[in-house]
Amino acid sequence: QVQLVESGGGLVQAGGSLRLSCAASGIMYSYNVMGWYRQAPGKQRELVATITSGGNTNYADSVKGRFTASRDNAKNTMYLQMNSLKPEDTAVYYCNLRNGVRAQDYWGQGTQVTVSS
């Protein structure tokens, strides 16, 4: 079993920055993919960014150039640096782990990000 704990959410003005963290505890396979997803009120959960254990990243078009995913494998922690935040970035942000080649799926409890205009 793996547990994921997000932190770093909060309230920020448009144009500001926040850094989210996701700490994983438990057995992490050498190959895994960690990701950030978000869900705004009344909308479906959507992909924000993913990063493989090898450091390859993928971003949603809406955040490219503004958000940066990174990870510290020694600490089993993933980060999301969010710059130039917009009100439409307001959502609950969830950490996800797909662990191993069988892609065992885990989710964190979510952290609220609110961007005021």
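Residue positions are counted from 1 within each chain, in the order its sequence is given. Restriction of local features to residues with pLDDT of at least 70 applies here, the model being predicted, together with a cutoff of 80 or more for giving and counting side-chain atom pairs; totals for whole chains, interfaces and linings are based on all residues. To get the side-chain values, all heavy atoms of the structure are used, and hydrogens and water are removed first.

1. Quick word on the overall build of the protein
Strands here mean DSSP runs of E at least two residues long; helices mean DSSP runs of H or I at least four residues long; both are numbered from the N terminus. The secondary structure content of the protein amounts to zero helices and eleven strands. Listing every helix and strand of the protein by position from the N terminus yields β-β-β-β-β-β-β-β-β-β-β. On the principal axes, the C-alpha backbone points of the protein span a range of 40 × 25 × 20 Å. Relative accessibility thresholds used throughout: buried, under 20% of the residue-type maximum; exposed, over 50%; partly exposed, between the two (1.4 Å probe, protein chains only). Looking at the protein as a whole, 46% of its 117 residues are labelled buried. Long-range contacts, defined here as pairs at least 24 residues apart, represent 53% of the contacts in the protein between residues at least 6 apart. Computed with a 1.4 Å probe, the accessible areas rest on the Shrake-Rupley method; for each residue, only the protein chains presented here act as cover. A total accessible area of about 6200 Å² is found for the protein, and carbon and sulfur atoms account for 46% of it. Treating the 11 positive side-chain charges of the protein as one cloud and the 7 negative ones as another, the clouds have centres 3 Å apart. In what follows, a contact means two residues having at least one pair of non-hydrogen atoms within 4.5 Å. A residue counts as positive if it is Lys or Arg and as negative if it is Asp or Glu; His and the chain ends are not included. The atoms used to mark charge sites are NZ of Lys, CZ of Arg, CG of Asp and CD of Glu.

2. Comments concerning the side chain of Asn99
Looking at the element boundaries, Asn99 is found in strand β9 (residues 91–99). At a separation of 2.8 Å, a polar atom in the side chain of Asn99 contacts the main-chain carbonyl oxygen of Ile27. Not counting residues up to four positions away in its chain, the partners in contact with Asn99 are Val2, Ile27, Met28, Tyr29, Tyr31, Asn32, Gln104 and Tyr106. The definition of a polar contact used here is a pair of N or O atoms within 3.5 Å, where within protein one atom must be able to donate a hydrogen and the other to accept one, and adjacent residues in sequence count solely through side-chain atom pairs.

3. Some thoughts on the pairing of strand β10 (residues 104–107)
Where a strand is regular, its side chains alternate between the two sheet faces. Two strands are counted as paired when DSSP detects at least two bridges linking them. As judged from the four bridges shared by β9 and β10, these two strands associate in the antiparallel manner. For Leu97, the partnering residue across the bridge sits in β10 and is Tyr106. Here β9 folds back onto β10, and the loop between the two strands holds four residues, one of which, Gly100, carries a positive phi near 80 degrees.

4. Regarding the state of the cysteines
Only a pair of cysteine sulfur atoms within 2.5 Å qualifies as a disulfide here. What the rule picks out here adds up to one disulfide. What pairs with Cys22 in a disulfide is Cys95, and their sulfur atoms sit 1.9 Å apart. Around the S-S axis, the bridge from Cys22 to Cys95 shows a dihedral of about -70 degrees and counts as left-handed. Of this pair, Cys22 sits in strand β3 (residues 18–26) while Cys95 is found in strand β9, placing the two residues 73 residues apart along the sequence. Accessibility assignment for this pair places Cys22 and Cys95 in one class, buried.

5. Some remarks on the pattern of salt bridges
Whenever Lys or Arg places a side-chain nitrogen within 4 Å of a carboxyl oxygen from Asp or Glu, that contact is recorded as a salt bridge. The full count for this structure, using the stated rule, is four salt bridges. Asp89 is the partner of Arg66 in a salt bridge, and the nearest nitrogen-oxygen pair spans 2.8 Å. Here Arg66 is found in the loop between β6 (57–59) and β7 (67–72), whereas its partner Asp89 is found in the loop between β8 (77–82) and β9, with 23 residues between them in sequence. Across the pair, exposure class does not vary: Arg66 and Asp89 are buried alike. A network of salt bridges, in which partner residues are shared, links Arg38, Glu46, Arg66 and Asp89.

6. Thoughts on the sheet that holds β3
An order of β1-β3-β8-β7 is seen for the four strands of this open sheet, with the pairing classed as antiparallel. Sheet topology places β1 (2–7) and β7 at the edges, where each strand pairs with a single neighbour. In this sheet, adjacent strand axes meet at a mean angle of 15 degrees when their direction is disregarded. Alignment of β3 against β8, held across six bridges, turns out to be antiparallel. The residue bridging Ala23 from the neighbouring strand is Thr77, located in β8. Lines are fitted to the C-alpha atoms to define the axes, a helix being fitted only along its stretch in contact, and any angle between axes, read from their N-to-C directions, falls within 0 to 180 degrees.

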